[in-house]
Amino acid sequence: MNERFEELLPWYVNGTLGADDRGWVERYAAEHPEAQAQIDWCRGLQAHIQASAPQIAPALGLDRVLQRIRRERPMMVQRVRSWLGALAAAPVAGVARPIGAVAALAIIVVQGGIIYQMRQDNSAQDEPLLRGTKAIRVDEGPLLRVNFSPDAREAEIRMLLVAAQATLAGGPGQLGDYYLRVPAGRESAAVDRLRREPIVQAVELVPGVPARY
Amino acid sequence: MDDATARQLLVRVARGDEAAFERLYRAHSRRVYAYVLNLLKDPSRAEEVLVDAMHEVWRSAERFRGDAKFSTWLLGIARNKALLAYRSRRADEDHDDIDDLSETLAAEDDANGFAQLAQKQRREGVRQCMGKLTEEHRECLHLVFFEGYSIEDVAALQSVPENTVKTRLFHARQKMRNCLRLLLEREA
């Protein structure tokens, strides 16, 4: 059998041959009956290979993979929770802290692989996930008091803080008040950003974190 | 599922979207399982590798560079997992090699020989003969005739030159033909 034909045969049968080579194979097969017989045999082989592929349920093993994925997640959430908890730890109780005097040195470090998007919706407006390392440090600046909806999830709050360039300066208090510090000059943008979010019930600029809240 | 859709879902998977991952999983589980089963010939091991491979897809979604089709990338992951599983198999789990068959049978390249073979070969016979090939030959046939890969894609996945793919395919087809012919002769 012709060497070129032998070489091109499998790709002719599986349809990945270019037009020129395809034309050559067809002309050759038209002139050589044994070549056409080989093509037919190869097509039969292809059909049997495709038909004998195992039929499985599409979700075979899916539960186990999801279990693994979810087992990996709580460790990450706990790490971030403890990190944020350290940031939100209130200073000495009972001492009034005027604006500018609050040493709200809040550093939120977003590390690649730590933060997962917890939302499960398929909305095209999904927040982009932050990957890579990014540090936002806000020592001073305007203060916002924010109330989140009762069913707001921690991950949603975290993502929103980063999107609004806000850091946690206090809260949550007994009334569910959170105090967020934003960079000077960005308070309007931050308020707008926060108000657009369904999980934010109220947001307003305040002069300072009250002694007891 | 077309490649563009798979890529879009993968972007969402990289953001931790479980729903997107589940869609991707359901759309590709059969092809991964079929590919791995073809390599390992063991359904329970194939299922383990399927789970490992898809878990790796979840963890590595952001590393997909987009210079290959999603399915090629996916099967590459499955291949690596399958090779690990294969290397841990027992020493006595050997395949039957039909190298000897290609020596003893006369090659009948005439039109009648192939025509008869094409008419009479059955699915079970094909499956049986595929099982007797080496892993590389079996994988090659699977990628070409089940996945429909081009020679470039097969060479990339198997990490060999294109000439090696051509050689493997040639020998694999020879062995399949001889094996099927033997089966038919036994039946007759």
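So, here is what we can say about the structure in this document. (Residues numbered from 1 in each chain as written. Chains lettered and ligands numbered in written order. Predicted model: local features only at pLDDT ≥ 70, side-chain atom pairs only at ≥ 80, totals over all residues. Heavy atoms only, no water.)

Scanning chain B from terminus to terminus reveals ten helices and zero strands. What you see in chain B, going N to C, is helices and strands ordered as α-α-α-α-α-α-α-α-α-α. Going through the 188 residues of chain B one by one, you find that 53% of them count as buried. Total accessible area on chain B is roughly 8700 Å²; 46% of this is exposed by carbon and sulfur atoms. (Helix = DSSP H or I, 4+ residues; strand = E, 2+ residues; numbered from the N terminus. Buried < 20%, exposed > 50% of the residue type's maximum accessible area, 1.4 Å probe, protein only. Areas by Shrake-Rupley, 256 points an atom, 1.4 Å probe, with all protein chains shown as cover.)

Helices and strands together make up the secondary structure of chain A, namely six helices and six strands. The secondary structure elements of chain A, listed N-terminal to C-terminal, are α-α-α-α-β-β-β-α-β-β-α-β. Looking at chain A as a whole, 45% of its 213 residues are labelled buried. In chain A, once contacts between residues fewer than 6 apart in sequence are set aside, the share between residues at least 24 apart is 71%. Accessible surface for chain A amounts to roughly 11300 Å². Of this, 52% is attributable to carbon and sulfur atoms. (Contact = heavy atoms within 4.5 Å.)

What follows covers the nonpolar core. Among the nonpolar cores identified, the biggest contains 81 residues, and Leu10(B), Phe21(B), Val36(B), Leu141(B), Val165(B) and Met176(B) are the most heavily contacted of them. Ranked by residue count, the leading element in this core is helix α2 (residues 18-40) of chain B, at eleven residues. Here this core gathers at least three residues from each of two domains, domain 1 (3-88) and domain 2 (98-187) of chain B. Beyond its immediate chain neighbours, meaning those up to four positions away, Val165(B) contacts Trp11(A), Cys140(B), Ile151(B), Val154(B), Ala155(B), Gln158(B) and Val160(B). If you look at the next biggest cluster of nonpolar residues, it comprises 19 residues, including Ile157(A), Leu161(A), Leu168(A) and Ile199(A). (Core = buried A, V, L, I, M, F, W, Y, C linked by side-chain atoms within 4.5 Å. Domains from an automatic or database assignment.)

Considered for burial, the residues of helix α9 (residues 151-158) of chain B that qualify are Ile151(B), Val154(B), Ala155(B), Leu157(B) and Gln158(B). Looking down the long axis of α9(B), one finds its buried residues gathered within 165° of arc, a one-sided arrangement. Looking at the buried side of α9(B), the elements it contacts are α1 (3-13) of chain A together with α2, α4 (70-87), α8 (135-145) and α10 (162-187) of chain B. Positioned one or two residues after α9(B), Ser159(B) has a phi angle of 55°, which is positive. (Arc of directions from axis to C-beta.)

Okay, α1(A) next. Taken across its eleven residues, α1(A) has eight buried, putting it largely inside the fold. Looking at α1(A), one finds that the buried residues are Phe5(A), Glu6(A), Leu8(A), Leu9(A), Pro10(A), Trp11(A), Tyr12(A) and Val13(A). Along its buried surface, α1(A) packs onto α2 (19-31) and α3 (33-51) of chain A together with α8, α9 and α10 of chain B. Its side-chain oxygen 2.8 Å from the backbone nitrogen of Arg4(A), Asn2(A) forms the N-cap of α1(A). At the exit of α1(A) stands Gly15(A), carrying a positive phi of roughly 80°. (Polar contact = N/O pair within 3.5 Å; in protein donor to acceptor, adjacent residues only side chain to side chain.)

With that settled, consider the interface of chain B and chain A. On the side of chain A, 52 residues touch chain B, which itself brings 56 residues to the contact. For the pair chain B and chain A, the number of links is seven salt bridges. Arg68(A) is the salt-bridge partner of Asp52(B), the closest N and O atoms lying 2.9 Å from each other. Remark: the boundary between chain B and chain A carries 15 residue pairs in polar contact (both at pLDDT 80 or more). At the level of secondary structure, the elements contributing two or more residues to the side of chain B that touches chain A comprise α1 (3-14), α2, α3 (43-60), α6 (111-120), α7 (123-131), α8, α9 and α10 of chain B. Sorting elements by how many residues they give to the side of chain B that touches chain A places α2(B) first, with eleven residues. (Salt bridge = Lys/Arg side-chain N within 4 Å of Asp/Glu carboxyl O.)

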